Amino acid sequence: MVRAKQELPVIPTEILQAIVLDVDSPQDLLSVRAANRTLNDLATPRAFECLTVKDTEESSLSFFNLLQSDGEVKPHVKNVIFRDQYLDDGEDGTELSTELMPFSPYSNDIEVRERIIAALSNLGSLPKLESIHLHFNRTWNEETSLDMEDPSEGLQFQLEVLQTLANISSTLGPRLRSLEINNLIAFPKEVLVSAPFLTLFHHLEHLQMSVISDKDSEGAVYEDPIQDFWGTTIPTILRAASTSGSLKDLTLMSDQDISGMGLPIFPAGLQYPTLDTLFLRNILFNAYSGVEDFIVRHGKSLKSLSLDTCQMTVEDDAETRDLNWAQVWRRWSEVLTELTHLGVRFDRQDKDGRILSYAYNNVGYGWIPLFDELGPAEEEDGPALKEFRAKVKARKTMVKTDHD
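Let me sum up the structure you'll find in this document. In this text, all values refer to a predicted model and were calculated from it rather than measured experimentally. (Residues numbered from 1 in each chain as written. Predicted model: local features only at pLDDT ≥ 70, side-chain atom pairs only at ≥ 80, totals over all residues. Heavy atoms only, no water.)

## Observations concerning the sheet that holds strand β6 (residues 249–258)
Link 1 in the chain: The 9 strands are arranged β1-β2-β3-β4-β5-β6-β7-β8-β10 in an open sheet whose pairing can be described as parallel. For this open sheet the edge positions go to β1 (50–53) and β10 (341–345), each flanked by a neighbour on one side alone. Across the sheet, the mean angle from the axis of one strand to that of its neighbour is 10°, orientation sign disregarded.
Link 2 in the chain: Note: strand β8 (residues 304–308) against β10, 5 bridges, orientation parallel. When the bridges of β10 are listed, leucine 305 appears paired with leucine 342.
Link 3 in the chain: Here helix α4 (residues 57–68) sits on the sheet and contacts β1 and β2 (79–83); the angle it forms with β1, its principal contact strand, is near 135°. (Pairing = 2+ DSSP bridges. Helix = DSSP H or I, 4+ residues; strand = E, 2+ residues; numbered from the N terminus. Axes fitted to C-alpha atoms, helices over the stretch in contact; angles between N-to-C directions. Contact = heavy atoms within 4.5 Å.)

## As for the side chain of aspartate 381
Link 1 in the chain: Structurally, aspartate 381 can be placed in helix α12 (residues 381–403).
Link 2 in the chain: For aspartate 381, which is buried and forms no salt bridge, the nearest opposite charge comes from arginine 330, at a distance of 7.3 Å.
Link 3 in the chain: Within the structure, aspartate 381 has its side chain in polar contact with the backbone nitrogen of alanine 326 (distance 2.9 Å).
Link 4 in the chain: Once you skip the residues sitting within four places of it in the chain, aspartate 381 turns out to touch Asn324, Trp325, Ala326, Trp329, Ser357 and Tyr358. (Buried < 20%, exposed > 50% of the residue type's maximum accessible area, 1.4 Å probe, protein only. Lys, Arg positive; Asp, Glu negative; His and termini not counted. Salt bridge = Lys/Arg side-chain N within 4 Å of Asp/Glu carboxyl O. Polar contact = N/O pair within 3.5 Å; in protein donor to acceptor, adjacent residues only side chain to side chain.)

## Remarks on the pairing of strand β3 (residues 131–135)
The side chains of a regular strand alternate between both faces of the sheet.
Link 1 in the chain: Burial within β3 is extensive, with 5 of its 5 residues counted as buried.
Link 2 in the chain: Covered by surrounding structure in β3 are Ser131, His133 and His135 together with Ile132 and Leu134, the residues of both alternating faces.
Link 3 in the chain: In this sheet, β3 lies alongside β2 in parallel orientation, the contact comprising 5 bridges. By the bridge assignment, valine 80 is partnered in β3 with isoleucine 132.

## Focus on the packing of α4 against helix α5 (residues 110–120)
How two helices sit against one another is set out by the angle between their axes and by the gap between those axes.
Link 1 in the chain: Relative orientation of the contacting elements α4 and α5 amounts to 30°, with a least axis distance of 9 Å. The orientation of α4 relative to α5 falls into the category roughly parallel. Crossing handedness for the pair α4 and α5: left-handed. Facing α4, whose interface residues are Glu57, Ser60, Leu61, Phe63, Phe64, Leu67 and Gln68, α5 presents Val112, Arg115, Ile116, Ala118, Ala119 and Leu120.
Link 2 in the chain: A class-by-class count of the residues in the contact of α4 with α5 yields 9 nonpolar, 2 polar and 2 charged. (Parallel < 35°, antiparallel > 145°, perpendicular 65-115°, else oblique. Left-handed = near helix turned anticlockwise from the far one by under 90°. Nonpolar A, V, L, I, M, F, W, Y, C, P; charged D, E, K, R; others polar.)

## Quick look at the nonpolar core
Link 1 in the chain: Formed by 99 residues in total, the largest nonpolar core has its most connected members in Leu123, Phe201, Phe266 and Trp332.
Link 2 in the chain: Ranked by residue count, the leading element in this core is helix α6 (residues 153–172), at 9 residues.
Link 3 in the chain: Leave out the neighbours within four places in its chain, and phenylalanine 201 touches Leu179, Ile181, Leu207, Ile237, Ala240 and Ala241. (Core = buried A, V, L, I, M, F, W, Y, C linked by side-chain atoms within 4.5 Å.)

## Re the environment of phenylalanine 48
Link 1 in the chain: Along the chain, the position of phenylalanine 48 falls in the loop between α3 (37–47) and β1.
Link 2 in the chain: Residues phenylalanine 48 and histidine 76 lie 28 residues apart in sequence; the distance between their C-alpha atoms is 6.1 Å.

## A look at the sheet that holds strand β9 (residues 312–314)
Hydrogen bonding along the main chain pairs the strands of a sheet, whether they run parallel or antiparallel.
Link 1 in the chain: In spatial order, the strands read β9-β11-β12; together these 3 strands make up an open sheet with mixed pairing. Either end of the sheet is taken by a strand with one partner, and the two such strands are β9 and β12 (366–369). Looking at each pair of strands side by side, their axes are set apart by 45° on average, direction ignored.
Link 2 in the chain: Inspection of the sheet shows β9 paired to strand β11 (residues 358–362) by 3 bridges, in the parallel sense. Counted as the bridge partner of threonine 313 is alanine 359 from β11.

Encoded structure:
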């Protein structure tokens, strides 16, 4: 007796699609894609939605070949990420780390660097591209903050990448919605304030920049390059990001305490009508930075505010000052009417565990945490922040209840 041949059950496309949507690993998606033609069609869009390239021979070659091809993959790419090979896969620039990193071998491998640049120059051929994230090496390798005549290979690579993006900005158009530049070296580079480069910021909804500088050299914060960078370059970029009024999420981080020193980081009148999320690190609060007024201007849109080691400055080591944190917390409690998330962290304490939330300018050295107590004014800071947190928490609970 000959047994009838059994046919495998046909799995509905809807179920296969649900399976594909449940797979997160890029490698697993590639495996699913290789199973059969149907799964290939279903998994390809997700498998190639995000392309990540590292400065290694294998990764740069794959990235280059894909960008030069006319295959089925390019129409599905929405996100492109460059990540220095010594950064962990999950690092996005917001991590705090004092660990010294090796310098990437692209400094000695011209072919890898040129291959990455050539591939980036073809990003305009990705019709659905909406996100570019650059995670450079986070090690300062310049001999001095003052001289750009002999830039390190790391700085030179950054300049080449940024110039390439400037060159293709017209091909990206308004579809670019998310841009991250992490571990940007604090030199006032011409490309950063050029019209083609600034075009990249005009329609963004998400912008993240983290900056590295010569933080270990005494007095480097006063040198012209870093002052020009924070006083001119960063404000110019922030203005460009306000062009269309589309920005919703802004993250700005420095690896050392920074103030505008006469030129505000946040220019007067700068406003993003739809900004609902703001994250700042090591941005000093004083009349020069313009940050407190910037936050107040967004009182009716901000829903999430995070301040990481953003100290308030005092004149020298004076015992009193016109403004203290308690006044800021109370003011914000009244004007930030939509805030449902508040994150405040000061990472410096004295030997008794007292939080150091003020800093003074030690001329010739830099900004120094103020160890002297400010008296009754400072004593109000803690209770005022606690009340502010409670108000934000109550509002969050109310919003959640309304949505339920």
